[in-house]
Amino acid sequence: MNVPTVKGSNVAEKNRFIGAKVTKATKFMNMPIEMSKLSVQQVMDVQEQARVNKDSTDEMQNFKLICTVVRYGAPDLAEFTDDELQQFALDELTRLSNEIMAFSGLVAGEKK
């Protein structure tokens, strides 16, 4: 079987990066969890949601943005609904969201 090559590289070697995640250990609610760097698409989704919510005074929209970041960047929390995430301390969710964004190369409040 011949494996196609792209510019002299083995496609299989390049495919090993597809879906790969860069992770880091952290704590949430004083328990160890793993967080992942956000993908480019996830960053774009978060930025779009932030742009839409920019002038909103609706606190629930801001909470939903935090939930989006947490779901994207904390695999252990990815399946939690907004209602379920509301059961956690807001400062814990906010801290985790900020930590995920910083780990992904974003800074809260940064203008691009």
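Read on for a plain summary of the structure. (Residues numbered from 1 in each chain as written. Predicted model: local features only at pLDDT ≥ 70, side-chain atom pairs only at ≥ 80, totals over all residues. Heavy atoms only, no water.)

## Brief notes about helix α3 (residues 59-73)
Line of reasoning, step 1. For α3, built from 15 residues, the straight-helix expectation of 21 Å at 1.5 Å per residue is met to within 8% by its first-to-last C-alpha distance of 21 Å.
Line of reasoning, step 2. Inspection of α3 places F63, L65, I66, C67, T68, V69, V70 and G73 among the buried residues, and these make up the whole buried set.
Line of reasoning, step 3. Tucked inside the fold, the buried residues of α3 contact β4 (31-36), α2 (40-53), α4 (82-85) and α5 (90-103). (Helix = DSSP H or I, 4+ residues; strand = E, 2+ residues; numbered from the N terminus. Expected span 1.5 Å × (residues − 1). Buried < 20%, exposed > 50% of the residue type's maximum accessible area, 1.4 Å probe, protein only. Contact = heavy atoms within 4.5 Å.)

## Notes on unusual backbone geometry
Line of reasoning, step 1. One non-glycine residue with positive phi stands out, namely M29, at about 55°.
Line of reasoning, step 2. Its location among the elements puts M29 in the loop between β3 (23-28) and β4.
Line of reasoning, step 3. The phi dihedral of N30 falls on the positive side, at around 60°, and the residue is not glycine.
Line of reasoning, step 4. Position of N30 among the secondary structure elements: in the loop between β3 and β4.
Line of reasoning, step 5. Residue classification places N30 among the exposed positions, given a relative accessible area of 68%.

## As for α2
Line of reasoning, step 1. The terminal C-alpha atoms of α2 lie 20 Å apart, and with 14 residues this matches the ideal 20 Å at 1.5 Å per residue to within 8%.
Line of reasoning, step 2. Looking only at α2, the buried set comprises Q42, V43, V46 and N53. One side of α2 holds all its buried residues, which, seen down the axis, span an arc of 100°. In α2, the exposed residues that point more than 90 degrees away from the buried face are V40, R51 and V52.
Line of reasoning, step 3. At its buried positions, α2 is contacted by α3. (Arc of directions from axis to C-beta.)

## Here we look at the packing of aromatic side chains
Line of reasoning, step 1. All chains considered together, the criterion is met by 2 aromatic pairs.
Line of reasoning, step 2. Here the aromatic residues F28, F80 and F88 are joined through ring pairs into a cluster of three or more.
Line of reasoning, step 3. For the cation-ring pair, K37 lies above F103, with the distance from its terminal atom to the ring centre recorded as 5.2 Å. (Phe/Tyr/Trp six-rings, centres within 6.5 Å; stacked < 30°, edge-to-face > 60°. Lys NZ or Arg CZ within 6 Å of the ring centre and 35° of its normal.)

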